[in-house]
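Tertiary structure, described
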Amino acid sequence: MEDEFHYQQNRISKKIITVLRISYSIGYLIIFLVLFSVLLINYYFGWYVWLPIVIYSLFCIALISGIWSILFKPVFFQKHWRYHIDEQYVRLKYGHINETFIIVPMTKIQFVSIAQGPILRKYKLCTINIGTMGSSLSIPGLTKEEGVELSKQIAQFAKIKEVEQ
Amino acid sequence: MRHRKQRLHPLYIFLEFATTLRNFSVAIIYFIVLKFNVDSGFYIFMRYFLYIYLILNFIYIIIRWLTTSYILNEDYIQMNFGIISRQRRNIPLIQIQNIQQQTTAVLRPFNVTSVILETGSVNKNASIKLNVISKQQADLITNTIGRSQSGTPIEINKLERMDNENLQTKRTVHFTTTKKDIIKASFTSLQFLVLIPILVSMYFRVNELYNIEAQVDHWIANLLMSWIFIIISASLLVIVSIIFGIVMTYFKYGKFIVSSDSKHIFIQKGVFNEKVFTIKKHHVQAIKIEQSLIKRLLGIAEVKLVTAGEIDKEENTFSSLYPYLPIQKAYLLIQELTPNFTVVHTMERLPKTALWMNLLRIPWFGIIFTILLFILNIDLWWSAVIFILAYGGRFLQYLNTGYIINGEILQFKSGTFSKNVFITRREKIIEVRLKRSWLQKQFKIATLKTVNRSKPVHHEMIEDIPWKFGESFIKWFEKRPVKIVKSNSK
């Protein structure tokens with residue numbers, strides 16, 4: 001199957017794995033803190049007897065999904081993300097269990113922007129947002145230079161206008 | 001006299017003021033009419049407050065009328081408005097996606113109308129609304145836009161001199177509502193049922209006041225119980241409600257005219273409030289043919305045009321060619337109006353694996369329903385009914401789904417009990433998404449989503465098509481013929 005879409009060869013930077021791990025860790029830390037504080041408050045005020053059972057089961061679910069998201073998901077995410085940009089189309093492919101292919105004509109693109117959060121900045125990475133007439137696509141985990149280069153390129157290509165029939 | 005500034009029709013002032021009066025009607029009736037002679041402080045204050053407010057409002061409307069103007073050129077229309085912060089809005093005529101003319105019943109005798117020009121942009125400032133202008137001006141604007149878009153702009157002065165009749169003779173009328181259509185529509189839309197709740201609520205209200213039931217019990221109980229009386233009153237009720245339904249439908253869909261010339265489609269509707277909608281044929285992004293279960297049984301369909309500009313809040317950015325078209329007439333209309341959208345009647349069916357896939361999906365609704373039944377301690381047999389309906393629906397869905405690529409045309413068909421056909425052209429699709437889950441991958445099928453220009457964008461999805469078709473679809477899409485023009489770098 002891979003060779004049918006072989007032109008999507010550009011991959012995203014491996015550093016995105018670390019970035020995703022950090023941001024997922026922070027996210028799950030917050031979830032655990034919230035759950036823990038609810039547990040403490042419940043214990044302190046003696047609200048409900050059944051609440052701890054719910055919270056412990058939520059703990060279990062969060063733990064399993066946390067291990068998956070922090071250890072494995074970023075690796076798969078990076079491994080299966082592909083993009084390709086040429087004069088006519090933007091092509092994206094991501095996901096392995098749930099595969100998604102996206103193709104957008106260059107002429108339908110309205111803007112490109114570069115976004116960079118604090119963690120991304122530390123690792124000198126950026127995300128490109130491509131706004132079409134309808135939705136917005138984003139390519140994550142590009143190095144800063146790649147990102148700037150790519151957004152310039154897209155802007156250049158998108159300047160070519162199609163004749164509205 | 002070229003490109004002279006135009007004002008809105010002076011009637012604008014009175015209409016706007018009438019709107020203000022209407023908005024304050026309760027307060028005006030209460031404080032000025034009913035309590036005019038009451039001399040307590042609050043009432044006097046409110047009276048004077050209303051007087052001053054209304055006078056100021058009237059002056060404000062006059063100023064607004066004085067400061068609003070527009071200029072029509074060969075290739076753009078400019079609108080100037082705003083009292084304190086002046087705004088100038090320039091819209092190139094070529095970018096206008098559709099035109100709407102609205103003539104409310106009040107406006108009709110004065111030969112004025114209001115015009116809305118829509119561009120396809122998502123931006124709020126992208127449309128122009130000329131609230132009250134003379135019919136002549138409206139026609140001039142429409143014709144100028146038509147000329148500039150067809151690439152043969154004529155000087156406005158010439159156009160102005162041209163006879164209006166002269167410009168409109170080329171239009172061919174494709175569809176007008178006949179009596180038969182109205183009657184059919186009133187039955188399909190179940191308009192006649194509207195009367196029943198009204199009558200029932202009226203009965204209860206009257207009953208509260210005069211206590212009919214008590215009187216009936218004593219006086220005419222025997223008469224009411226007699227069969228003749230019941231039959232007569234019931235048939236009267238049926239006749240009245242049918243007539244009521246037909247009249248209601250007539251007001252809604254009577255005088256529905258679909259016409260076209262070589263480049264444009266015109267849809268006119270409304271008995272009291274007339275609306276004319278104009279769109280260029282090439283600006284039609286896609287066509288939808290929709291049939292609910294009742295419509296399917298009666299052989300009626302609704303044809304909707306998906307367009308880039310916003311049309312009407314209540315009509316969800318589609319403009320409907322009459323909603324109760326006989327199906328054959330619907331196909332004929334599509335062929336006549338938009339020759340570059342052809343309907344294909346035999347489509348590819350989904351592979352058998354798609355059915356398995358559909359049956360394997362988790363029936364969330366049924367599960368949640370069963371859990372609810374369990375919690376509420378209701379007989380669990382009801383969940384069996386839901387599951388049968390859900391799986392029966394899935395089977396029908398599998399049977400009803402179809403897809404085909406025919407030259408430049410893409411066509412999807414879907415629906416469980418209803419039937420929806422979606423037709424678009426290759427160059428009108430602005431985004432394609434092809435997805436497959438792990439399970440779909442095992443079955444060699446995928447889900448295809450397309451996006452068309454509209455406001456907001458129109459998504460169309462078809463589930464469980466063969467993966468091979470998905471691939472060839474993307475290849476087909478990649479070969480879209482594009483006329484490219486380098487835009488001037490600004």
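The following refers to the structure shown. (Residues numbered from 1 in each chain as written. Chains lettered and ligands numbered in written order. Predicted model: local features only at pLDDT ≥ 70, side-chain atom pairs only at ≥ 80, totals over all residues. Heavy atoms only, no water.)

Structural notes on unusual backbone geometry
Residue and element names in this part refer to chain B. Going by this rule: Strands are runs of DSSP state E lasting at least two residues, helices are runs of H or I lasting at least four, and both sets are numbered from the N terminus onward. Classification of residues uses two cut-offs on accessible area relative to the type maximum, computed with a 1.4 Å probe and protein chains only: under 20% is buried, over 50% is exposed, and between them is partly exposed.
Located in the positive-phi region is N111, a residue other than glycine, with phi close to 60 degrees. Among the secondary structure elements, N111 is positioned in the loop between β5 (96-103) and β6 (112-119). Even without a glycine there, the phi angle at D464 is positive, about 60 degrees. Structurally, D464 is set in strand β21 (residues 458-466). Accessibility expressed as a relative area gives 2% for D464, which makes it buried.

Here's the deal with the packing of helix α7 (residues 179-188) of chain B against helix α11 (residues 227-253) of chain B
Residue and element names in this part refer to chain B. Condition: The convention used is that axes are lines fitted to C-alpha atoms, helices contributing only their stretch in contact, and that angles between N-to-C directions extend from 0 to 180 degrees. Any angle that is under 35 degrees is reported as roughly parallel, and any over 145 degrees as roughly antiparallel; angles of 65 to 115 degrees are reported as roughly perpendicular and all others as oblique. A clockwise turn of the near helix away from the far one marks a right-handed crossing, whereas an anticlockwise turn of less than a right angle marks a left-handed crossing. Here a residue-residue contact requires only that any non-hydrogen atoms of the pair lie within 4.5 Å. Three classes are used: nonpolar for Ala, Val, Leu, Ile, Met, Phe, Trp, Tyr, Cys and Pro, charged for Asp, Glu, Lys and Arg, and polar for all others, with Gly counted as polar.
Between α7 and α11, whose axes approach to 9 Å, the crossing angle comes to 110 degrees. Put simply, α7 runs roughly perpendicular to α11. The handedness of the crossing between α7 and α11 is right-handed. Two secondary-structure elements touch here, α7 through I182, I183, A185, S186 and F187 and α11 through I242, G245, I246, T249, Y250 and Y253. Of the residues contributing to the contact of α7 with α11, the split by class is eight nonpolar, three polar and no charged.

Points about the nonpolar core
Residues and elements named next belong to chain B. Heads up, the condition is: Take the buried residues of types Ala, Val, Leu, Ile, Met, Phe, Trp, Tyr and Cys, join any two whose side-chain atoms come within 4.5 Å, and each joined set is a nonpolar core.
Core analysis: the largest hydrophobic core is formed by 34 residues, its most contacted members being Y70, I77, L117, L130, I133 and I141. The element contributing the most residues to this core is helix α3 (residues 41-67), with six residues. In terms of nonpolar packing, the next biggest core, distinct from the first, is built from 31 residues, V303, L305, V343 and I409 among them.

Details of the sheet that holds strand β1 (residues 5-7) of chain B
The pairing of strands in a sheet comes from backbone hydrogen bonds and takes either a parallel or an antiparallel form. Residues and elements named next belong to chain B. For the record, the criterion: In this scheme, strands are said to pair when DSSP sees at least two bridges between them.
The sheet built from four strands is open, its strands ordered β1-β2-β3-β4 with antiparallel pairing. Only two strands of the sheet have a single partner each, and these edge strands are β1 and β4 (87-92). For this sheet, the mean inter-axis angle between neighbouring strands, taken without regard to orientation, is 25 degrees. Sheet topology places strand β2 (residues 69-72) next to strand β3 (residues 76-81); four bridges connect them, and they run antiparallel. Across the sheet, the residue bridging to L72 is I77, located in β3.

Observations regarding the pairing of β6 of chain B
Residue and element names in this part refer to chain B. Among the eight residues that make up β6, eight are buried, leaving the element largely enclosed by the rest of the structure. Pairing geometry for β5 and β6, over six bridges, is antiparallel. Its bridge partner being in β6, N98 is matched across the sheet by E118. Across six bridges, the pairing between β6 and strand β7 (residues 127-134) is antiparallel. Of the residues in β7, the one forming a bridge with I116 is K129.

A short note on the packing of helix α1 (residues 15-45) of chain A against helix α2 (residues 51-80) of chain A
Residues and elements named next belong to chain A. Packing of α1 against α2 brings their axes to within 9 Å, and their N-to-C directions diverge by 175 degrees. One finds that α1 runs roughly antiparallel with respect to α2. Considered class by class, the residues forming the contact of α1 with α2 number 24 nonpolar, six polar and two charged.

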